[in-house]
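Understanding the architecture of this molecule
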Amino acid sequence: MIIDAHCDVLYQLWKNPEWSFEHSPELRINLERWLENDVKVQCFAIFVPDDVPADLQFHAALQMVDIFYDQVLKSHPNVKMVRSRQDIELLKENEKGAMLTLEGCHPIGHDIIKLKTLIHLGVKAVGLTWNNSNGVCDGIGEERGAGLSQFGREVIELFNTYEILTDVSHLSYQGFWDVMETAKYPIASHSNSYKLCSHKRNLDDKQLKALISKQAFVGVTFVPEFLTGHKNADTKDVMNHIEKIYRLGGENSVGLGSDFDGTAGFVKGLENYSKYNAFVQELKTRFSTEFVQKLTHQNFLNNLPT
Ligand SMILES: [Zn+2]
């Protein structure tokens, strides 16, 4: 069983309305490949690009929710929406779980009811920012590097009450520490080790150890630039980042957050969804079976409220 904490298929389908979730070969993740691999649960992020005018951002987010309901959930009778650990545990052997997430709070502006609406529609994990800044916090690309705003603190309170995972991937350094102080359910859905690859999107050892001390989930991501710092990466590079987090004590934290369909680059040997099973076989040649279980799904499950 594999649980993948991050992908951008909804964004690709929104941007390319002529594509279909079922078969489009341009998509790294499509139904055809999903039915053939061991991915049990896929997280689908709503990601609104920053060139959408501010007054249309929430509308774009709702369009992606619509794509999730109308294309992903309706793509096959065995695809079920999941929002909790119990939902996943109740999936039958041939069923797949789809979880809705939000990457960046910019579409909600300063409006908590917009955020609550997305939660009511099923969003279970929320990345506070993309790389830029928004009403909640600064992202890692904003030079100012501010942490949570007053509104951001209200948002975290809401997440704590509604048992929503607070995702620190993309967040500013200060924002990261503010979240670690205030959020009950912090995770990093798609970030790697800064020590191995000094990309600003990665987490340094201090940050990783802080997540590990809470047994918070850290999804290693298949983005070449975050693995090696350049356009080329292979599955060994992915395993090096996994091992790095493991060696920091992250046996019960590290997992997978592919970012399939989120970037143009790809890892050699992990080009798309059809390569996942072979990758897990490769993991078993380097790590114990027990750890591979934790890495592929158990650590994510343990982070999900019931
Ligand atoms: Zn991302």
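I will try to describe carefully the structure that is included in this document.

Rules of the game
What you see as residue numbers is a count from 1 along each chain, following the sequence as written. Local features are withheld for residues below a pLDDT of 70 in this predicted model, meaning they are given only at 70 or higher, and side-chain atom pairs are given and counted only at 80 or more; totals for whole chains, interfaces and linings count all residues. Side-chain metrics rest on all non-hydrogen atoms present in the structure, leaving aside hydrogens and water. In this text, helices come from DSSP runs of H or I with a minimum length of four residues, and strands from runs of E with a minimum of two, each type numbered from the N-terminal end. Radius of gyration: C-alpha atoms only; globule rule: 2.2 Å multiplied by the number of residues to the exponent 0.38. For the exposure calls, accessible area comes from a 1.4 Å probe over protein chains only, and a residue counts as buried if that area is under 20% of its type's maximum, exposed if over 50%, partly exposed in between. Contact criterion: two residues are considered in contact whenever any of their non-hydrogen atoms come within 4.5 Å of each other. Per-residue and other accessible areas were derived by the Shrake-Rupley procedure at a 1.4 Å probe size, with only the shown protein chains allowed to occlude residues. Charge counting follows a simple rule: Lys and Arg are positive, Asp and Glu are negative, and His as well as the terminal groups are ignored. We put the charge of a Lys on NZ, of an Arg on CZ, of an Asp on CG and of a Glu on CD. Coordinating donors are taken as N, O and S atoms within 2.8 Å of the metal, stretched to 3.2 Å for Na, K and Ca; because water is absent from the atoms, sites can appear incomplete. The arc in question is traced by the directions running from the helix axis to the C-beta atoms. Nitrogen and oxygen atoms within 3.5 Å of one another constitute a polar contact, given that in protein one can donate a hydrogen and the other can accept it, and given that sequence-neighbouring residues count only through two side-chain atoms. Throughout, nonpolar core names a set of buried Ala, Val, Leu, Ile, Met, Phe, Trp, Tyr and Cys residues whose side chains join them through atoms within 4.5 Å.

A count of helices and strands for the protein gives 12 helices and nine strands. Computed over C-alpha atoms, the radius of gyration of the protein comes to 18 Å, within 12% of the 19 Å expected from 2.2 N^0.38 for 306 residues, which places it in the range of a compact globule. Projected onto its principal axes, the C-alpha positions of the protein cover 50 × 40 × 35 Å. Burial statistics for the protein: of 306 residues in total, 59% are counted as buried. Residue pairs in contact within the protein that sit at least 24 positions apart in sequence constitute 70% of those at least 6 positions apart. Counting only carbon and sulfur atoms, one obtains 47% of the accessible surface of the protein, whose full area is about 12500 Å². Averaging the positions of the 31 positive and the 40 negative side-chain charges in the protein gives two centres separated by 5 Å.

Only E103 (OE), H170 (NE2) and H190 (NE2) from the protein reach the zinc ion as donors, at distances of 2.0 to 2.2 Å. In terms of primary sequence, the donors binding the zinc ion are separated according to E-x66-H-x19-H. A residue pair is termed long-range when its members are at least 10 positions apart, and H170 in the loop between β6 (165-167) and α7 (173-182) and H190 in the loop between β7 (186-187) and α8 (205-213) qualify at 20 residues. You can call H190 buried: its relative accessible area is 1%.

With that settled, consider helix α5 (residues 112-120). By the burial criterion, the buried members of α5 are L115, L118 and I119. Buried residues along α5 cover an arc of 100 degrees about the axis, so they all sit on one side. Of the exposed residues in α5, those oriented more than 90 degrees away from the buried face are I113 and H120. You can read the cap of α5 off the contacts: a side-chain oxygen lies 3.1 Å from the backbone nitrogen of I113, and it is on D111. G122 occupies a position one or two residues after α5 and carries a positive phi of about 125 degrees.

What tends to happen in soluble globular proteins is that the nonpolar side chains get buried as a cluster. In this structure, F44, I46, L128 and I242 are the most contacted members of the largest nonpolar core, which totals 85 residues. Looking at this core, the element that brings in the most residues is helix α3 (residues 57-72), giving eight residues. F44 has contacts with C7, V9, L10, F21, W34, F68, V72, A98, M99, L100 and T101, leaving out every residue within four places of it along the chain. Of all hydrophobic cores here, the second largest spans 16 residues; its members include A5, V82, I187 and F217.

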